[in-house]
Structures are given as C-alpha cells and as structure tokens.
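Coordinate analysis (summary)
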Amino acid sequence: AQSVTQLGSHVSVSEGALVLLRCNYSSSVPPYLFWYVQYPNQGLQLLLKYTTGATLVKGINGFEAEFKKSETSFHLTKPSAHMSDAAEYFCAVSVNNNNDMRFGAGTRLTVKP
Amino acid sequence: SQTIHQWPATLVQPVGSPLSLECTVEGTSNPNLYWYRQAAGRGLQLLFYSVGIGQISSEVPQNLSASRPQDRQFILSSKKLLLSDSGFYLCAWRNGLAGGRETQYFGPGTRLLVL
C-alpha cells in the first residue's frame, strides 16, 4: 500500500525566506501526489498535484513542487514566505487502483515577521 | 460547480450521547465520499469511505459508523460518544470514475467536543 512521510512536524521561517516542506512517498505503482493547505478551523484546500508529465508542478499562492522518482520525493517550495502562508500543510499520495488517498502527518508552517 | 456542505459546524456533546454528522455534495454524481478525523496535534485519519449508495468501507474499528442513504449524502454516527471521539471531522468527495489521479475536495469540517 502507498504511504507518505512528511519530515518535520513544525517548520519556522522568516518572512521573505525560502519555504521548503519535505515529503517522501512509498508506492509500488506510479503515484499521484498532492499538497494541501489547511488554515485554522477550515477544511483542506488543494495547493497543487502531480499526475503525469512535467515533474515540476506549479500551484496556487506561489508554491511549487517537484516530483523526483529516484528520490521518491515531492517537496514543496516557495521562494519567499508571506505571513499569510502560516498554516498546516499535508502531502498525500494516491494510486489508480485504490479508492482512497493517504495523507502525511502534516507540517505546521510558522512565518516570523 | 461542485460544493460540499457539512453540519453542524460545531458541536458539544456529553459522553454517552448519540452523534449524527451530515455531509452533502452538490453538482456531481456518483462521487466517492470520505470521512476523516483530526485529533488535536495529529494528522488526518481516514475513518470511512464509500463508492456508492449503501457501500461503506471502514478503515478503523471504533464506535463510529457511517451510512450513505443517497448518492450525495454521507452520514457519520455514533450510538454512544466517548471522550476520545473529540476532534475535527472532515468530509471529502472525489470523482469516482476517474481513478486515483482525481483530487479530493474537502468540506469545512465539524468541530466536535465530547465532555
């Protein structure tokens, strides 16, 4: 079965600094990979996803992620953090023959002024 | 466009009381439907999913149950709540016909506090 590991339950960056949130997956078949963001007391909102094709995926709010099969990774980055980026971020993996999606434990991003 | 609703938004219930949380989806047909729970400081735990009316798959044995009486309605229930049932409950839907590449779309959630 597929699974996801997010390294770092809490990441803190200064406003304007690079954001890097790490995600590694495990899957025996080609995966589909997703990043979601959750603001306090809200549902999850899709940031971006990788299905096939270009391995560098651009999403909303200036975020992007790169699928690296050799490293089984799908790290999320943003060149310059804004205060509004403070939230919890979830990486998820899905495969074609399953009906569900597996989520990582989440990474809480704090942005310092 | 598709929308997903959950109610109530917040609920405070005594231990041992029953529970019913409702989720409805508009603007799509034959969705896959999901119930997740987030306990404080923890990630998403998949509780149930459904690929059609009356079809429920349970991920974690517990005192919760789910039902899908209509195509776009998904209900989470309990006969007797436990303190450990407190958490943030999220419903999600996904296009059931397109396979694993499809996004799951989440509702706004229900905050449940069991006292």
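Residues numbered from 1 in each chain as written. Chains lettered and ligands numbered in written order. Predicted model: local features only at pLDDT ≥ 70, side-chain atom pairs only at ≥ 80, totals over all residues. Heavy atoms only, no water.

By a frequent convention, interface size equals the accessible area lost on bringing the separate parts together. Across the boundary between the two partners, chain A contributes 23 residues, which contact 25 residues of chain B. Here chain A packs against chain B, burying approximately 1800 Å² in sum over the two surfaces, 48% of which is carbon and sulfur. On the chain A side of the interface with chain B, the three residues burying the most area are A:Leu44, A:Asn99 and A:Phe103, jointly 28% of the side's total. Joining chain A to chain B, the criterion identifies one salt bridge. (Contact = heavy atoms within 4.5 Å. Buried area = accessible area lost by both parts, 1.4 Å probe. Salt bridge = Lys/Arg side-chain N within 4 Å of Asp/Glu carboxyl O.)

Here the focus is the sheet that holds strand β8 (residues 73-78) of chain B. All names here are of chain B. Across the sheet, which stays open at both edges, the four strands sit in the order β1-β3-β8-β7 with antiparallel pairing between neighbours. Since the sheet does not close on itself, it has two edges, and those belong to β1 (3-7) and β7 (64-70), each with one partner. Across the sheet, the mean angle separating the axes of adjacent strands is 20° when strand polarity is ignored. In this structure, β1 lies alongside strand β3 (residues 19-26), joined through five bridges in antiparallel fashion. When the bridges of β3 are listed, Trp7 appears paired with Glu22. (Pairing = 2+ DSSP bridges. Helix = DSSP H or I, 4+ residues; strand = E, 2+ residues; numbered from the N terminus. Axes fitted to C-alpha atoms, helices over the stretch in contact; angles between N-to-C directions.)

What follows deals with the nonpolar core. Counting 26 residues, the largest nonpolar core has A:Trp35, A:Leu47, A:Leu48, A:Phe74, A:Leu76 and A:Tyr89 as the members making the most contacts within it. At the level of elements, β2 (10-14), β3 (19-26), β4 (32-38), β5 (44-50), β7 (64-68), β8 (73-78), β9 (87-94) and β11 (107-112) of chain A are the ones that each hand at least two residues to this core. Sequence-distant contacts of A:Leu47, defined by excluding residues within four places in its chain, comprise A:Trp35, A:Tyr36, A:Val37, A:Gly59, A:Ile60, A:Asn61, A:Phe63, A:Leu76 and A:Tyr89. Core analysis: the second largest hydrophobic core is formed by 20 residues, B:Ile4, B:Cys23, B:Phe48 and B:Tyr89 among them. (Core = buried A, V, L, I, M, F, W, Y, C linked by side-chain atoms within 4.5 Å. Buried < 20%, exposed > 50% of the residue type's maximum accessible area, 1.4 Å probe, protein only.)

A separate point is the side chain of B:Gln6. Residues and elements named next belong to chain B. Positionally, Gln6 belongs in strand β1. Overall, Gln6 belongs to the buried group, its relative accessible area being 8%. In this structure the side chain of Gln6 is engaged in a polar contact, spanning 3.0 Å, whose partner is the backbone oxygen of Tyr89. Only 3.0 Å separates the side chain of Gln6 from the backbone nitrogen of Cys91, close enough to count as a polar contact. (Polar contact = N/O pair within 3.5 Å; in protein donor to acceptor, adjacent residues only side chain to side chain.)

Let us look at the state of the cysteines. This model, assessed by the stated rule, comprises two disulfides over all chains. Linked covalently through their sulfurs, A:Cys23 and A:Cys91 form a disulfide whose S-S length is 1.9 Å. With the S-S dihedral at roughly -65°, the linkage between A:Cys23 and A:Cys91 falls on the left-handed side. Taken as a pair, A:Cys23 in strand β3 and A:Cys91 in strand β9 lie far apart in primary sequence, 68 residues in all. Across the pair, exposure class does not vary: A:Cys23 and A:Cys91 are buried alike. Disulfide pairing is shown between B:Cys23 and B:Cys91; the S-S distance is 2.0 Å. (Disulfide = S-S within 2.5 Å.)

A separate point is the environment of A:Ala81. Residues and elements named next belong to chain A. You can see Ala81 is positioned in the loop between β8 and β9. It is 18 Å that separates the C-alpha atoms of Ala81 and Ser9, two residues lying 72 residues apart in sequence. Other than its neighbours up to four places away in sequence, Ala81 contacts Val13, Ser14, Glu15, Gly16, Ala17, Val19 and Val111.

The omega angle of the peptide bond from B:Trp7 to B:Pro8 is 0°, so this bond is cis rather than trans. Here B:Pro8 shows up in the loop between β1 and β2 (10-13). For A:Asn61, which is not glycine, the phi dihedral falls at a positive 60°. Within the fold, A:Asn61 resides in the loop between β6 (56-58) and β7. Overall, A:Asn61 belongs to the partly exposed group, its relative accessible area being 42%. Even without being a glycine, A:Thr72 presents a positive backbone phi close to 45°. Note that A:Thr72 resides in the loop between β7 and β8.

This structure, assessed with the given rule, holds 13 aromatic pairs over all chains. Summarising the aromatic geometry, the rings of A:Tyr36 and B:Phe106 are spaced 5.5 Å apart at their centres and angled 80° between planes, so their arrangement reads as edge-to-face. Separated into two different chains, A:Tyr36 in strand β4 and B:Phe106 in strand β10 (residues 105-106) make up a pair that spans both. Each member of the pair, A:Tyr36 as well as B:Phe106, is classed as buried. Each member of the aromatic cluster is reached from another via a ring pair, and the members are A:Phe34, A:Tyr36, A:Phe103, B:Tyr34, B:Tyr36, B:Tyr49 and B:Phe106. (Phe/Tyr/Trp six-rings, centres within 6.5 Å; stacked < 30°, edge-to-face > 60°.)

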